[in-house]
Amino acid sequence: EEMGIADVLKRVRAVVGDAPTYLTFDIDVLDPAFAPGTGTPECGGFTTREVLRMLRGLAGLNFVGADMVEVSPPFDFGAPAGGGLTALAGATIVYEIMTLLAASVIAQPQARHVRLRE
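Keep in mind the model is a prediction, meaning the values are calculated, not measured. (Residues numbered from 1 in each chain as written. Predicted model: local features only at pLDDT ≥ 70, side-chain atom pairs only at ≥ 80, totals over all residues. Heavy atoms only, no water.)

Engineer: Help me understand the nonpolar core in this model?
Structural biologist: Generally speaking, soluble globular proteins have nonpolar side chains that are buried together. The biggest cluster of nonpolar side chains holds 19 residues, and the ones touching the most others in it are Leu30, Val51, Leu55, Leu58, Phe63, Ile93 and Ile97. Beyond its immediate stretch of four places on either side in the chain, Leu55 contacts Leu23, Ile93, Glu96, Ile97 and Leu100. (Core = buried A, V, L, I, M, F, W, Y, C linked by side-chain atoms within 4.5 Å. Buried < 20%, exposed > 50% of the residue type's maximum accessible area, 1.4 Å probe, protein only. Contact = heavy atoms within 4.5 Å.)

In structure tokens form, the structure reads like this:
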């Protein structure tokens, strides 16, 4: 909070550099108002807007793989058909992560990247 997103992104880039990078995203970093469907909700987390800004700010890093953890549909709420706030946030975040991975593959076509299971 004191550093701000721009400074956090600068620090990430300074640490990671051009090294192959694996991104793990834990959904419970979001405030429960945005993602209640997790086993460990914590008040005071990030908004989805902040997370999307951070993820988009990671463009250009050498991503080789990624995952998302802690989404728990039984704890989610939203539409009666089963979709909810956490599902929407998770799907949006995974889309952004996949965009980062695709950009890395395009930028470094000769590099070895993690393959999706067939």
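Next comes the rest of the write-up.
Engineer: What is the right way to read the pattern of salt bridges from this model?
Structural biologist: Side-chain pairing between opposite charges can occur once the charged atoms of the two side chains come close. If you walk through the whole model with that rule in mind, you get 1 salt bridge. A salt bridge links Glu96 to Arg56, with the shortest nitrogen-to-oxygen separation between them at 2.8 Å. With Glu96 in helix α3 (residues 85–107) and Arg56 in helix α2 (residues 48–56), this residue pair connects regions lying 40 residues apart in the sequence. Classification of Glu96 as buried rests on a relative accessible area of 10%. (Salt bridge = Lys/Arg side-chain N within 4 Å of Asp/Glu carboxyl O. Helix = DSSP H or I, 4+ residues; strand = E, 2+ residues; numbered from the N terminus.)

Engineer: Where do I start with helix α1 (residues 5–16) in this structure?
Structural biologist: It helps to recall that an α-helix has 3.6 residues per turn; residues three or four apart then point in one direction. Between the first and last C-alpha of α1 there are 16 Å, a value that for 12 residues agrees with the 16 Å anticipated at 1.5 Å per step. Just beyond α1, the residue with positive phi is Gly17, at close to 60°. (Expected span 1.5 Å × (residues − 1).)

Bear in mind that shape data such as this cannot, by itself, settle questions of function.
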